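Below, each chain spelled out in residue letters.
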Amino acid sequence: MGAVGQPPGFSVGLGLGLALCSGAFIGASFVLKKKALLRLCRRGRDRAGQGGHAYLREWLWWAGLLCMGVGEAANFAAYAFAPATLVTPLGALSVLVSAVLSSIFLNEQLNVYGKVGCLLSILGSTVMVIHAPQEEEVSSLESMAEKLKEPGFIVFAVCVLLSSLLLILVAGPRYGQSNVLVYVLVCSAIGSLSVSCVKGLGIALKELFSGKPVLREPLGWVLLLCLLLCISIQINYLNKALDIFDASVVTPIYYVLFTTAVMMCSAILFKEWQHMVLGNIISTISGFLTIVCGIFLLHAFRDLPLSPDLLPLFLQQGRAELHSPWRSTGTQQPWQHQPLLPQEDKRSQSAEEEEEGENT
């Protein structure tokens, strides 16, 4: 799937580079959109979580949308050059960027647990990139059409659409304001279908640049319309989730669910796991679970401060000794020369020993 005159590794490397840029822009877009929604909330405008669309008049929201557009464009190109399971895990970079920028510009807490979670996300993504499965070769729209007609993908697409409708029509009005998973699940499920559309359009663009009459093929236009519809749904419900919940919560959960959905869709559509050895399968799953653990640390303990009371007892004792008065007065003896027990404890212990001696 590499470009003409370029080695295969060049195509994959270009795809990974575009994926890194995509993660940076998308992570920044989350923060810009959240900043715009907070400004609307302070002004008392109609909130997106309540069905309002006043954010369309905010330039900061449009700046976030522009960043997301650039990120999605880079992501689009990355999917055209590299397999989906190589590109999607690098979305952890957007989680890291969003968490760091949220702590700076939105005053959302990023404690040591969040920093460890970011590190675990990056390490897990690296493991997944190294051991990711290779997709089955799809080099033309005809072969892409054959893939889309397979029963496994049709069943998957129907399940995604039905579950999304249930979330939108049933779960959304009841639990959308209190449960972050409702709107994020809609974005993730629809996003898995958008990745399939992106892969097909990438193939169509390659054929177009090679001189083939792609514009006469109806599949390319169908994929384009489906992609626009999926993106519109994702933007709408992602805005609702960001308006109700913190960006540091929405972003990691969206990443985990979106990555899971894309991996399932790619495995069904392109049969990426069919020719993998056991070691790569275990490494890929382990890398993804590492990312999930990192994402959990990133948002589950975001409000838990690392105070001295949470340290182990021996560290608390050492900390108390460092700040004890003897350092300033110099009247206390060094700890090497101090008795192991206080004087009161020594007197009580000697009295107990005398009583035992009298009883015997």
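As the structure is a prediction and not an experimental result, all values here were calculated from the model.

**Things to note about the overall build of the protein**
And step 1. Secondary structure summary: the protein contains 14 helices and zero strands in total.
And step 2. For the protein, the succession of helices and strands along the chain, N to C, is α-α-α-α-α-α-α-α-α-α-α-α-α-α.
And step 3. Looking at the protein as a whole, 42% of its 360 residues qualify as buried.
And step 4. A fraction of 81% describes how many contacts in the protein between residues 6 or more apart in sequence connect residues 24 or more apart.

**Comments concerning a nonpolar patch on the surface**
And step 1. A surface patch of nonpolar side chains, amounting to about 840 Å² of accessible area, comprises Leu205, Leu208, Phe209, Leu215, Trp221, Leu224, Leu225 and Leu228.
And step 2. At the level of secondary structure, the elements contributing two or more residues to the nonpolar patch comprise helix H8 (181–209) and helix H9 (218–244).
And step 3. If you tally residues by element for the nonpolar patch, the top one is H9, at four residues.
And step 4. Along the chain, Leu224 falls in helix H9.
And step 5. Taking relative accessible area as the criterion, Leu224 reaches 32% and is therefore assigned partly exposed.

**Here's the deal with the layout of surface pockets**
And step 1. Looking at the largest pocket, its volume works out to about 610 Å³.
And step 2. Taken together, 32 residues make up the lining of the largest pocket; nearest its centre are Ile26, Glu72, Asn75, Tyr254 and Phe258.
And step 3. Taken together, the elements giving at least two residues each to the lining of the largest pocket come down to helix H1 (8–43), helix H2 (59–81), helix H4 (92–105), H8, H9 and helix H10 (247–270).
And step 4. Per element, the largest residue contribution to the lining of the largest pocket is eight residues, and it comes from H2.
And step 5. Classifying every residue of the lining of the largest pocket gives 20 nonpolar, eleven polar and one charged.

**Focus: the packing of H2 against H8**
And step 1. Orientation of H2 relative to H8, taken along the N-to-C sense of each, is 70 degrees, at an axis distance of 8 Å. Taken as axis vectors, H2 and H8 run roughly perpendicular relative to one another. Where H2 abuts H8, its residues Phe76, Tyr79 and Ala80 lie against Val195, Val198, Lys199, Leu201, Gly202, Leu205 and Lys206.

**Points about the environment of Ser139**
And step 1. On the secondary structure map, Ser139 appears in the loop between helix H5 (112–131) and helix H6 (141–148).
And step 2. For Ser139, a relative accessible area of 52% puts it in the exposed group.
And step 3. The sequence separation of Ser139 and Lys206 amounts to 67 residues, and the corresponding C-alpha distance is 8.8 Å.
And step 4. Other than its neighbours up to four places away in sequence, Ser139 contacts Ile203 and Glu207.

**What about the UniProt feature "transmembrane region" (unreviewed entry) in the protein?**
And step 1. Mapped onto this structure's residue numbering, the UniProt feature "transmembrane region" (unreviewed entry) falls at residues 12–32, 59–81, 87–106, 152–173, 180–204, 219–237, 249–270 and 276–298.
And step 2. A distance of 28 Å separates the end C-alpha atoms of residues 87–106, which is 75% helix and 0% strand.
And step 3. Secondary structure over residues 249–270 splits into 100% helix and 0% strand, and the C-alpha atoms at its two ends are 31 Å apart.

Conventions used here
- Residues numbered from 1 in each chain as written.
- Predicted model: local features only at pLDDT ≥ 70, side-chain atom pairs only at ≥ 80, totals over all residues.
- Heavy atoms only, no water.
- Helix = DSSP H or I, 4+ residues; strand = E, 2+ residues; numbered from the N terminus.
- Buried < 20%, exposed > 50% of the residue type's maximum accessible area, 1.4 Å probe, protein only.
- Contact = heavy atoms within 4.5 Å.
- Patch = residues over 30% accessible without salt bridge, like charges linked within 9 Å, V, L, I, M, F, W, Y side chains within 5 Å.
- Areas by Shrake-Rupley, 256 points an atom, 1.4 Å probe, with all protein chains shown as cover.
- Salt bridge = Lys/Arg side-chain N within 4 Å of Asp/Glu carboxyl O.
- 1 Å grid on protein atoms, 1.4 Å probe; cavity = no way out; pocket = protein on both sides within 12 Å on 5 of 7 lines; lining within 4 Å.
- Points joined across faces, edges and corners; volume = space filled by probe spheres on them.
- Nonpolar A, V, L, I, M, F, W, Y, C, P; charged D, E, K, R; others polar.
- Axes fitted to C-alpha atoms, helices over the stretch in contact; angles between N-to-C directions.
- Parallel < 35°, antiparallel > 145°, perpendicular 65-115°, else oblique.
- UniProt positions renumbered as here; feature names shortened; annotations may be inferred.

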